[in-house]
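# Tertiary structure, described
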Amino acid sequence: MEDKRLCKAQESVWHQTDRQLGRIPAILRHRATDATWSKRGYHGWVYGYGCPMTCHAFAVPVWIQIETAAVSEVDGLAQKEPVLLEQICPATLSGDNADTKATRIRRWAPHGVVLLTPALQGVNGRFAQAYPRFIKQPPNACRLQQRRTMIEPLFD
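Residues numbered from 1 in each chain as written. Predicted model: local features only at pLDDT ≥ 70, side-chain atom pairs only at ≥ 80, totals over all residues. Heavy atoms only, no water.

### As for the pairing of strand E2 (residues 36-40)
On a regular strand, each side chain points to the face opposite its neighbour's, so the side chains alternate between the two faces of the sheet. Direction of pairing for E2 relative to strand E3 (residues 44-55): antiparallel, over a ladder of five bridges. Its bridge partner being in E3, Trp-37 is matched across the sheet by Tyr-47. In textbook terms, the turn of a hairpin is the stretch between consecutive antiparallel strands, and for E2 and E3 this stretch comprises three residues. (Pairing = 2+ DSSP bridges. Helix = DSSP H or I, 4+ residues; strand = E, 2+ residues; numbered from the N terminus.)

### Some points on the packing of aromatic side chains
Applying the stated criterion across every chain yields a total of three aromatic pairs. Ring centres 6.5 Å apart and planes at 75° place the aromatic pair Trp-37 and Trp-45 in the edge-to-face group. Given the relative accessible area of 56%, Trp-45 is considered exposed. With 6.1 Å between their ring centres and 35° between their planes, Tyr-131 and Phe-134 make a pair best called tilted. Here Tyr-131 and its partner Phe-134 are both found in helix H4 (residues 126-135), three residues apart, which amounts to about one turn of the helix. For Tyr-131, a relative accessible area of 4% puts it in the buried group. Residue Phe-134 is classed as partly exposed on the basis of its relative accessible area of 29%. One Lys or Arg, Lys-80, reaches over the ring of Trp-63 and ends 5.4 Å from the middle of that ring. (Phe/Tyr/Trp six-rings, centres within 6.5 Å; stacked < 30°, edge-to-face > 60°. Buried < 20%, exposed > 50% of the residue type's maximum accessible area, 1.4 Å probe, protein only. Lys NZ or Arg CZ within 6 Å of the ring centre and 35° of its normal.)

### Overview of the side chain of Thr-117
Locating Thr-117 in the fold gives a position in the loop between strand E7 (114-116) and H4. Here Thr-100 takes part through its side chain, which lies 2.5 Å from a polar atom of the side chain of Thr-117. Each residue touching Thr-117, except ones within four places of it in the same chain, is listed here: Gly-95, Asp-96, Asp-99, Thr-100, Tyr-131, Ile-135 and Leu-144. (Polar contact = N/O pair within 3.5 Å; in protein donor to acceptor, adjacent residues only side chain to side chain. Contact = heavy atoms within 4.5 Å.)

### Notes on the side chain of Gln-65
With respect to the element layout, Gln-65 can be found in the loop between strand E4 (61-64) and strand E5 (67-68). A distance of 3.1 Å separates a polar atom in the side chain of Gln-65 from a polar atom in the side chain of Trp-63. A distance of 3.2 Å separates polar atoms of two side chains, one belonging to Gln-65 and the other to Glu-67. Those residues in contact with Gln-65, other than ones at most four positions away along the chain, are Gly-50, Cys-51, Pro-52, Gln-79 and Lys-80.

### Considering the nonpolar core
Leu-77, Leu-93, Trp-108, Leu-115, Leu-116, Tyr-131 and Ile-135 are the most contacted members of the largest nonpolar core, which totals 13 residues. Contributing elements (two or more residues each) for this core: helix H2 (73-88), helix H3 (102-108), E7 and H4. With three residues, H2 is the largest single contributor of residues to this core. Apart from residues no more than four positions distant in its own chain, Leu-115 is found in contact with Leu-93, Asp-99, Arg-104, Ile-105, Trp-108 and Tyr-131. Counting five residues, the second largest nonpolar core, distinct from the first, contains Ala-9, Ala-35, Tyr-47 and Tyr-49. (Core = buried A, V, L, I, M, F, W, Y, C linked by side-chain atoms within 4.5 Å.)

Below is the structure:
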């Protein structure tokens with residue numbers, strides 16, 4: 001399972017106008033100058049950091065990373081890809097809609113890794129019809145459901 005949680009910076013917010021001018025307000029005390037803004041559907045805008053996590057099926061973390069909030073989940077998963085495919089070697093990896101990429105799914109298949117995502121975004125071509133049918137098959141639908149019930153409580 002793969003997911004990213006946004007964590008608010010403990011310090012005050014460094015507003016974009018101040019950041020662009022290189023002006024650091026005294027209330028920041030130079031502690032959160034590396035935090036960034038990111039927007040997620042569930043949390044809205046968050047100034048802080050991101051914590052992408054890869055877990056086994058029973059929410060046992062195997063890879064946790066801390067980065068600035070603006071680092072996209074898609075880029076983070078691309079950076080993890082060599083280790084995921086060559087060392088962790090999961091049979092399936094359940095992610096969220098941001099991970100849905102036909103090229104990634106095809107690239108991972110020869111390694112024996114099945115990428116399962118909700119596939120809510122539009123995809124053109126044969127993949128657009130085949131993948132949604134694939135993820136609705138009972139074992140795959142069950143794995144996607146487990147992601148919601150396992151990794152989300154772990155973050156909480």
